[in-house]
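# Examining the three-dimensional arrangement
Each chain is listed here by its residues.
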Amino acid sequence: MTRGRAAPPRARTGGYFEDFAVGQRFTSRPRTVTAADLADFTRLSGDDHPVHTDPAYPGGPILQGPFGLAVAMGLLQSLELHGDRAATTVLGLLDTHWSYRRPIRVGDELHLDLTIVRCRRTSAGDRGVVSRHMTLAGADGETRQEGTTSVLLAAREAGPDPVGRAFGTTGWGEALAERLRAGTAFAEALESWDGTIGLRAGEHEVHLRVYRGTVIEVSRRAALGATFTMEADELTWTQLVTAASNEFMRRSMSGQFAVRGNGYEYLRLTPVLNLIADAARALAQEEQHERQ
């Protein structure tokens, strides 16, 4: 399915750390891959393997893998998320984790879909790290390459971070536990249960220690480990809390959420995990309302 080609959104308030929030989405204008691109990148990289240069080579010719990453970074720049303040707000690129899904060929029309998946302030407080999930897709909507990059940005001022979308952190876990304690459904579903539920988003994991229907402790690691841990990447968590309805069951059944530990308990407590997803969504929506 061909996607619409609306003009890319711009950050409205200058591109400082505080101007970004988990769940923001941006789409670039398209860029068509040309034969000159292939020739130039072959010359620049020195990678002249026949799969890139010989039309008779099986499967070729295709662009070198890093070409896609380079294009993605260029399309990211074209979004102008930092406007004319980029020289003062962008302090450096911190990392890039990238996957190659499908080949890129001459004639492909590529665009970038970008989602903010994590924002955290540094200990100094005057700067913060913003992680972006980037998908380089064709006009057919199929993903060619994707991954995450983190950038260090200047902050306007020191201050605490909101925790409503800081998935997998203890601050988020505490806020989640408070919301679960406020209702009765969670307590009733686990009134005789004694164990620990782990929630992991990317590299961040938090444990909820539950005893007889109440979360009695929130920590990065429970003393005896988690009974089971429900995990997904940060983009999946972001999509879960920003969707129009609770899609946890669908995403879980399609394999977007995985489990480590006691699989039997995980399956038995599926309704409870749905309640946790509801609470996570409510937290995220509450944070969004506070920003508006």
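Up top is the structure these notes are about.
Here the structure is a predicted model, which means the values were calculated and not measured.

### A few points about the pattern of salt bridges
For side chains of opposite charge, pairing can occur when their charged atoms come near one another. Counted by the stated rule, this structure contains 19 salt bridges. Its salt-bridge partner being Arg 31, residue Asp 37 comes within 2.9 Å of it at the nearest N-O pair. Under the relative-accessibility criterion, Asp 37 is labelled buried at 14%. With a shortest N-O distance of 2.8 Å, Glu 205 and Arg 200 are connected by a salt bridge. This pair shows no difference in class: Glu 205 is buried, exactly as Arg 200 is. Sharing partners across several salt bridges, the network here consists of Arg 200, Glu 205, Glu 231 and Arg 260.

### Details of the sheet that holds strand β11 (residues 258-261)
Strand order across the open sheet formed by five strands is β9-β8-β7-β10-β11, with mixed pairing between neighbours. Each end of this open sheet is capped by a strand with a single partner; those strands are β9 (214-219) and β11. Each adjacent strand pair in this sheet contributes to an overall mean axis angle of 25°, direction not counted. In this sheet, strand β10 (residues 228-232) lies alongside strand β7 (residues 194-201) in parallel orientation, the contact comprising five bridges. From the neighbouring strand, Gly 198 faces β10, where its bridge partner is Thr 229.

### Regarding the packing of aromatic side chains
For the structure on display, the rule yields seven aromatic pairs. On the numbers, 5.9 Å between centres and 90° between planes, the contact of Phe 167 with Trp 172 is edge-to-face. Taken individually, Phe 167 and Trp 172 each receive the classification buried, so the pair is uniform in this respect. A ring pair is formed by Trp 172 and Trp 237, whose centres lie 5.4 Å apart and whose planes are at 80°; its orientation type is edge-to-face. Here the residue Trp 172 occupies a position in helix α5 (residues 170-182), and Trp 237 occupies one in helix α7 (residues 234-242), the gap between them amounting to 65 residues. The exposure class of Trp 237 is buried, given its relative accessible area of 1%. Put simply, the rings of Phe 167, Trp 172, Trp 237, Phe 248 and Phe 257 touch in pairs and so form one group of aromatic residues.

### A closer look at empty space enclosed by the protein
One pass over the full model with this rule turns up one cavity of 30 Å³ or more. Considering only enclosed or pocket space, the largest cavity measures out at about 30 Å³ in volume. Forming the walls of the largest cavity are Phe 20, Leu 81, His 82, Leu 114, Ile 116, Val 130, Arg 132, Val 151 and Leu 153.

Cut-off values and rules
Residues numbered from 1 in each chain as written. Predicted model: local features only at pLDDT ≥ 70, side-chain atom pairs only at ≥ 80, totals over all residues. Heavy atoms only, no water. Salt bridge = Lys/Arg side-chain N within 4 Å of Asp/Glu carboxyl O. Buried < 20%, exposed > 50% of the residue type's maximum accessible area, 1.4 Å probe, protein only. Pairing = 2+ DSSP bridges. Helix = DSSP H or I, 4+ residues; strand = E, 2+ residues; numbered from the N terminus. Axes fitted to C-alpha atoms, helices over the stretch in contact; angles between N-to-C directions. Phe/Tyr/Trp six-rings, centres within 6.5 Å; stacked < 30°, edge-to-face > 60°. 1 Å grid on protein atoms, 1.4 Å probe; cavity = no way out; pocket = protein on both sides within 12 Å on 5 of 7 lines; lining within 4 Å. Points joined across faces, edges and corners; volume = space filled by probe spheres on them.

Don't take any of this as a statement about function, it's just geometry.
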